[in-house]
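Listed below, chain by chain, are the residues.
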Amino acid sequence: MTTTASAAGRSPGLEVSAAFATTMETPDHIQIAEELGYRRAWLYDTPQQSPDVWMCLALAAERTRRIGLGPGVLVPALRHPMVNASAAAALQRLAPGRVAVAFGTGYTGRRAMGQPPVSWAYMSRYVQTFRALLRGETTEWEGSALRMLHTAESLPGTPEDIPVYIGAIGPKGMEIAASIGDGLFVAGGGVPDQAQKFEKVSYLAVGSVLDDGETLASERLRTAAGPGLAQVFHVSYEFGGEEAVRGLPGGAEWLAVVRKTPEARRHLAVHDAHLLRLNDADTAAWDAGGSTLVEHVTLTGTADDVLAKVQHLAASGVTEIMYQPAGDIRRELEAFAGAVGIRR
């Protein structure tokens, strides 16, 4: 039986939202999140493994009435700014007042296709163009003037009201986020000190609330928290190379599997099943001791443990926790909602 805490006397001190590694079942999962009281649903823009993020958001808009909706994060290089502006405006028509948009440089959306993240200069130009289009202005992109030419029949409403969040962690990204965004989007890791300067800070977290008497060695936890834990290996490899991974429990075993793929295609092996399940390398790392990291790098523990971790994030300046479930999605959403006291 899953441990779920009473909402009485429990307050996470921030908004509680859900995030999803987008699948064709995600619109149904967003319905569950709405029923449980989650504030917003953010969907990943990962076309190398997911159906179109805007398509799934539109389906979710038709099935829900209250929960906020948005892509988190869009990768600028994947679409022309007019395409994203038009899609955002259309979603706003389907879900008036419920839409937010987040942009990132493409840690997974680009690296999983063998490309580096976009530059901050490109990001800045892109987002400013996107926002100008939503305001109905004539702007410029790639040397040509453009403006949204939709008629009232195709896109009535006020899409310029859509808030924009920027995914960033370093000083340059923080500077850009403060200048062009309405909030900061942090995808795991620690909360940057600069986050205190932002009025809105959304923090992406993974993990699982343990059942009564369940241990960290349970097979259920492998499925629920393993995909989130695996990101430690993925991120370490991308930013620190093999030496950074080798120092992790299970790192040598992870590298042994990844190295079986030729270097030109190695990014495919690293990012396979991103945040959905453990791939072959992740499984090898988990079995070789990587699982010992799970309570330290994810929101995993008893209901009280999870609540304490979320409250710590709130004290660090986070204003919205974005919890991404894996495995049995309903079970994970229900357990997390119960732990932080939002369950209806």
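Look up a bit, the structure's there.
Summary of the structure given here. (Residues numbered from 1 in each chain as written. Predicted model: local features only at pLDDT ≥ 70, side-chain atom pairs only at ≥ 80, totals over all residues. Heavy atoms only, no water.)

**Observations regarding the overall build of the chain**
Turning to step 1, where the next piece is worked out: If you tally the helices and strands in the chain, you get twelve helices and ten strands.
Turning to step 2, where the next piece is worked out: On C-alpha atoms alone, the chain measures out to a radius of gyration of 20 Å, which is about the 20 Å that the 2.2 N^0.38 rule sets for 344 residues.
Turning to step 3, where the next piece is worked out: Taken along the three principal axes of its C-alpha coordinates, the chain extends 60 × 50 × 35 Å.
Turning to step 4, where the next piece is worked out: Within the span of the chain, comprising 344 residues, buried residues form 54% of the whole.
Turning to step 5, where the next piece is worked out: Here the contacts in the chain between residues at least 6 apart in sequence split such that 70% fall between residues at least 24 apart.
Turning to step 6, where the next piece is worked out: Working note: accessible area of the chain is about 14,400 Å², and carbon and sulfur atoms make up 52% of it.
Turning to step 7, where the next piece is worked out: Charged side chains of the chain number 31 positive and 38 negative; the gap between the two group centres comes to 3 Å. (Helix = DSSP H or I, 4+ residues; strand = E, 2+ residues; numbered from the N terminus. Rg over C-alpha atoms; globule rule 2.2 N^0.38 Å. Buried < 20%, exposed > 50% of the residue type's maximum accessible area, 1.4 Å probe, protein only. Contact = heavy atoms within 4.5 Å. Areas by Shrake-Rupley, 256 points an atom, 1.4 Å probe, with all protein chains shown as cover. Lys, Arg positive; Asp, Glu negative; His and termini not counted. Charge placed at Lys NZ, Arg CZ, Asp CG, Glu CD.)

**Regarding the nonpolar core**
Turning to step 1, where the next piece is worked out: Counting residues in each nonpolar core, the largest one holds 74 residues, and the members touching the most others are Tyr-38, Leu-69, Phe-103, Ile-321 and Phe-336.
Turning to step 2, where the next piece is worked out: The residues touching Ile-321, leaving out its near neighbours within four places in the chain, are Leu-14, Glu-15, Val-16, Ser-17, Tyr-203, Ala-205, Leu-299, Val-310, Leu-313 and Phe-336.
Turning to step 3, where the next piece is worked out: Of all hydrophobic cores here, the second largest spans 13 residues; its members include Ala-19, Phe-185, Leu-275 and Met-322. (Core = buried A, V, L, I, M, F, W, Y, C linked by side-chain atoms within 4.5 Å.)

**Some remarks on helix α2 (residues 53–63)**
Turning to step 1, where the next piece is worked out: By the burial criterion, the buried members of α2 are Val-53, Trp-54, Cys-56, Leu-57, Ala-60 and Ala-61. Buried residues of α2, seen end-on, are gathered within an arc of 160 degrees and therefore sit on one face of the element.
Turning to step 2, where the next piece is worked out: The N-terminus of α2 is capped by Asp-52, whose side-chain oxygen sits 3.1 Å from the backbone nitrogen of Trp-54. (Arc of directions from axis to C-beta. Polar contact = N/O pair within 3.5 Å; in protein donor to acceptor, adjacent residues only side chain to side chain.)

**Comments concerning the packing of helix α1 (residues 26–36) against α2**
For any two helices packed against each other, the geometry comes down to the angle between their axes and how far apart the axes lie.
Turning to step 1, where the next piece is worked out: Interhelical geometry of α1 versus α2 gives an angle of 40 degrees and a closest axis separation of 8 Å. As the angle between them shows, α1 and α2 are arranged oblique. α2 is crossed by α1, and the crossing has right-handed handedness. Touching Pro-27, Asp-28, Ile-30 and Gln-31 of α1 are Cys-56, Leu-59, Ala-60 and Arg-63, all from α2.
Turning to step 2, where the next piece is worked out: Split by residue class, the contact of α1 with α2 holds five nonpolar, one polar and two charged. (Axes fitted to C-alpha atoms, helices over the stretch in contact; angles between N-to-C directions. Parallel < 35°, antiparallel > 145°, perpendicular 65-115°, else oblique. Left-handed = near helix turned anticlockwise from the far one by under 90°. Nonpolar A, V, L, I, M, F, W, Y, C, P; charged D, E, K, R; others polar.)

**What about the pairing of strand β9 (residues 201–206)?**
Turning to step 1, where the next piece is worked out: By the criterion of burial, β9 is predominantly enclosed, with six of the six residues buried.
Turning to step 2, where the next piece is worked out: A two-sided burial pattern is seen for β9, the buried positions comprising Val-201, Tyr-203 and Ala-205 on one face and Ser-202, Leu-204 and Val-206 on the other.
Turning to step 3, where the next piece is worked out: Where strand β8 (residues 183–187) meets β9, four bridges bridge the pair, whose relative direction is parallel. Residue pairing in the sheet places Phe-185 in a bridge with Ser-202 of β9.
Turning to step 4, where the next piece is worked out: Bridging between β9 and strand β10 (residues 320–324) involves five bridges; their strand directions are parallel. Its bridge partner being in β10, Ala-205 is matched across the sheet by Tyr-323. (Pairing = 2+ DSSP bridges.)

**Describing the packing of aromatic side chains**
Turning to step 1, where the next piece is worked out: In total, this model carries ten aromatic pairs according to the counting rule given.
Turning to step 2, where the next piece is worked out: A ring pair is formed by Phe-103 and Phe-130, whose centres lie 5.0 Å apart and whose planes are at 75 degrees; its orientation type is edge-to-face. Highlighted residues: Phe-103 in strand β4 (residues 101–103) and Phe-130 in helix α4 (residues 120–134), separated in sequence by 27 residues.
Turning to step 3, where the next piece is worked out: The class for Phe-103 is buried, based on a relative accessible area of 0%.
Turning to step 4, where the next piece is worked out: Put simply, the rings of Phe-103, Tyr-122, Tyr-126, Phe-130 and Trp-141 pair up and form one aromatic cluster. (Phe/Tyr/Trp six-rings, centres within 6.5 Å; stacked < 30°, edge-to-face > 60°.)

**Here's the deal with the environment of Tyr-165**
Turning to step 1, where the next piece is worked out: With respect to the secondary-structure elements, Tyr-165 resides in strand β7 (residues 164–167).
Turning to step 2, where the next piece is worked out: With 13 residues separating them along the chain, Tyr-165 and Ala-178 place their C-alpha atoms 9.6 Å apart.
Turning to step 3, where the next piece is worked out: Among all residues touching Tyr-165, those that are not within four sequence positions of it are Arg-40, Trp-42, Ala-100, Val-101, Ala-102, Phe-103, Gly-183, Leu-184, Phe-185, Lys-200 and Ser-202.

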